[in-house]
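Structural description and commentary
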Amino acid sequence: MTIKRIIAVVTIKGEIAVQSFGYRKFLPLGNPETIIQNLDRWGADEILVNVIDRSSRKLEPDFFMLERIQNLRITTPIIYGGGISSVKEANKIINLGADRILLEKLLYEDFSVFKEISFTLGAQAIVLSLPVVINSNRKLNQYNYLNKKEIKFNKNFLNAIEKKLISEILLTDYKNEGYIDKFNIKILNNNQFKLPLICFGGIKSPTVIKKILKNKNVNAVAIGNSLNYSEIAIQKLKQKLTGAKIRKTFYKKFAT
Amino acid sequence: MQRKKFAIVNYGVGNHGSLKGVLNKIGHRAIVTYNKKEISDSDFLILPGVGTFPEAIKNLKKSNLFNFLKKIIKQGKPTLGICLGMQILTSSSNELSYTGGLRIITGNIKNNKSAPYHIGWNKLKFINKKSKFCDFQNEYFYFQHGFSYIGPKKNQIASTATKKNEIVAIIQKKNVMGIQFHPEKSQENGLEFLAQYVDIFK
């Protein structure tokens, strides 16, 4: 059976990998390619490369960075998000070596292009980015990062999920993103979606991860910078996830 | 080890970049091409993955490769189809709309029974115990697909289990092998699989 996954997230802003705190404050970490190469060598189940400022800077996807990543000959599955606005761009990202793409802004702006991407690449290659928050009425709301407002779920997003034009949802607790073990588990209690979830936003410790992975709708957890703290962070984490259905991993020591 | 030349067929969709890099990594040359001469001159043919069946077939016909590929594969060119590449080797698919495939390996591609999408790492289980790939029994490989092979048992080499059923993971007919998983994104297991594939089919 497919097992649950630990996805390593590399958040990129201004072409640098950053530690984000609720997408409000950012600490520069360095060169994205080095971090991605490490995560590949350390055996992450998947790597999410999320370029969070391409759309706001009105830029196309970062093809130059994708070419540099391609040259690293990464053998871990990659999800790329950031600046995708056409079928041609989505296809080029896959041609350059990503395996899946992460979409959000396009669903607000042009659902027909989004549909075309799904028909070209296949829903299995598309992850929907859905930042959420529990409102004062204890209901789940969507967070629209474009106008920075909490909204009822956008109908295009609901349509994409209902019609299975995507295969997984990256459900982000956006307020707690970057804060250690602050992921609000009540988000899962409110989950109305029939597609598998990747949970993200303030997830670090084995205790929290185990709780999240126990939920039958959750396929994976996405974890940010804490996986970069040591060369064996992923291994140590997986060893502590006793009882969780995850893949054991190995890693290749850095050649000296 | 002799360096082999791989032609990764460019049918518009597909993660060519990954495949090219990984084949270089294990010591071989690879080009991404739709040029018939380059395809003919290669030692191995790869049909890459990531995309939809109708889109791949449409592009193959548009670039006049559909019948050409059928011909050279039937003539004996060692061919590896990966994920979507495996699927287009078969008779047909009902992904999005009914579309005919290359009909190299009998069988059809239909919706996954267990769950809409089979995404993540899963183990191989060998049906054909004489397969030279049996060393990979119970090893994890990365899968990413919504449709899978239904066809004669004689073509089936290995499967992988989901909650409700088994999915065919490897099919083979003579010089042609189709694999549902992505060796180029299955870390060490994937590299070893590809190296062994070259060794067996050279």
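Just above, that's the structure.
Residues numbered from 1 in each chain as written. Chains lettered and ligands numbered in written order. Predicted model: local features only at pLDDT ≥ 70, side-chain atom pairs only at ≥ 80, totals over all residues. Heavy atoms only, no water.

1. So, the interface of chain A and chain B
In this complex, chain A contributes 39 residues to the contact, which on the side of chain B involves 38 residues. Taking both partners together, chain A and chain B bury about 3200 Å²; carbon and sulfur atoms supply 56% of that area. Area buried by chain A at its contact with chain B is led by M1, T75 and Q124 of chain A, which between them contribute 21% of it. Across the pair K185 of chain B and D99 of chain A runs a salt bridge whose closest N-O atoms are separated by 2.6 Å. Seen at the junction of chain A and chain B, the total is 22 residue pairs in polar contact (both at pLDDT 80 or more). (Contact = heavy atoms within 4.5 Å. Buried area = accessible area lost by both parts, 1.4 Å probe. Salt bridge = Lys/Arg side-chain N within 4 Å of Asp/Glu carboxyl O. Polar contact = N/O pair within 3.5 Å; in protein donor to acceptor, adjacent residues only side chain to side chain.)

2. Overview of the environment of N141 of chain A
Along the chain, N141 of chain A falls in strand β8 (residues 140–144). Those residues in contact with N141 of chain A that lie beyond four places of it in its chain are P131, V132, V133, N135, E150, I151, K152 and F153 of chain A. (Helix = DSSP H or I, 4+ residues; strand = E, 2+ residues; numbered from the N terminus.)

3. Looking at a positive patch on the surface
On the surface, a cluster of positive charge is made up of K216 and K245 of chain A together with K163 and K164 of chain B. Relative to the assigned elements, K216 of chain A resides in the loop between α8 (206–214) and β12 (218–223). Residue K216 of chain A is classed as exposed on the basis of its relative accessible area of 70%. (Patch = residues over 30% accessible without salt bridge, like charges linked within 9 Å, V, L, I, M, F, W, Y side chains within 5 Å. Areas by Shrake-Rupley, 256 points an atom, 1.4 Å probe, with all protein chains shown as cover. Lys, Arg positive; Asp, Glu negative; His and termini not counted. Charge placed at Lys NZ, Arg CZ, Asp CG, Glu CD. Buried < 20%, exposed > 50% of the residue type's maximum accessible area, 1.4 Å probe, protein only.)

4. Comments concerning the packing of helix α2 (residues 63–71) of chain A against helix α3 (residues 87–95) of chain A
The relative placement of two packed helices comes down to the angle between their axes together with the axis-to-axis distance. Residue and element names in this part refer to chain A. Running from N to C, α2 and α3 point in directions that differ by 20°, and their axes come no closer than 10 Å. By the angle between their axes, α2 is roughly parallel relative to α3. Every pair of crossing elements has a handedness; the one defined by α2 and α3 is left-handed. Residues F63, L66 and Q70 of α2 form the contact with α3, whose participating residues are E89, K92, I93 and N95. The residue inventory of the contact of α2 with α3, partitioned by class, reads 3 nonpolar, 2 polar and 2 charged. (Axes fitted to C-alpha atoms, helices over the stretch in contact; angles between N-to-C directions. Parallel < 35°, antiparallel > 145°, perpendicular 65-115°, else oblique. Left-handed = near helix turned anticlockwise from the far one by under 90°. Nonpolar A, V, L, I, M, F, W, Y, C, P; charged D, E, K, R; others polar.)

5. Notes on the layout of surface pockets
Put simply, the largest pocket is a space of about 850 Å³. Contributing elements (two or more residues each) for the lining of the largest pocket: α8 and β12 of chain A together with β8 (118–123) of chain B. Sort the elements by how many residues they give to the lining of the largest pocket and α8 of chain A lands first, with 3 residues. Looking at the lining of the largest pocket residue by residue, the classes come out as 12 nonpolar, 9 polar and 10 charged. Roughly 690 Å³ of volume is contained in the second largest pocket. Sorting elements by how many residues they give to the lining of the second largest pocket places strand β4 (residues 46–51) of chain A first, with 3 residues. Class assignment of the residues belonging to the lining of the second largest pocket gives a composition of 17 nonpolar, 9 polar and 6 charged. (1 Å grid on protein atoms, 1.4 Å probe; cavity = no way out; pocket = protein on both sides within 12 Å on 5 of 7 lines; lining within 4 Å. Points joined across faces, edges and corners; volume = space filled by probe spheres on them.)

6. Description of the packing of helix α1 (residues 32–41) of chain A against α2 of chain A
Residues and elements named next belong to chain A. Following both chains from N to C, one finds α1 and α2 inclined at 40°, their axes separated by 10 Å at the closest point. Relative to α2, the element α1 lies oblique. Seen from above, α1 lies across α2 with right-handed handedness. Residue-level inspection shows P32, E33 and I36 of α1 in contact with α2, the latter providing M65, R68 and I69. When the residues that make up the contact of α1 with α2 are grouped by side-chain class, the tally is 4 nonpolar, no polar and 2 charged.

7. Topic: the pattern of salt bridges
All names here are of chain A. Under the criterion given, the structure shown has 18 salt bridges over all chains. E15 serves as the salt-bridge partner of R57, at 3.4 Å between the closest nitrogen and oxygen. With R57 in the loop between β4 and α2 and E15 in the loop between β1 (5–13) and β2 (16–21), the pair connects residues that are 42 residues apart, well separated along the chain. For D45, the salt bridge goes to K238, with nearest N and O atoms at 2.8 Å. With D45 in the loop between α1 and β4 and K238 in helix α9 (residues 233–240), this pair connects stretches of sequence that are 193 residues apart. Both residues of the pair, D45 and K238, belong to the buried class. Here the salt bridges share partners, and the residues they tie into one network are E15, D53, R54, R57 and D62.

8. Side note on helix α1 (residues 16–25) of chain B
Within α1 of chain B, 7 of the 10 residues are buried, leaving the element largely enclosed by the surrounding structure. Inspection of α1 of chain B places H16, G17, S18, L19, G21, V22 and L23 of chain B among the buried residues, and these make up the whole buried set.

9. A closer look at the pairing of strand β11 (residues 197–200) of chain A
Residue and element names in this part refer to chain A. The two faces of β11 match: L197 and C199 on one face and I198 and F200 on the other face are all buried. The pairing of strand β10 (residues 168–173) with β11 spans 4 bridges and is parallel. Of the residues in β11, the one forming a bridge with I169 is L197. With 4 bridges joining them, β11 and β12 adopt parallel strand pairing. By the bridge assignment for β12, I198 is matched with A220. Crossover connection from β11 via α8 to parallel β12: handedness right-handed. (Pairing = 2+ DSSP bridges. Right-handed = clockwise from strand over helix to strand, strands pointing away.)

Keep in mind these numbers describe shape, not what the thing actually does.
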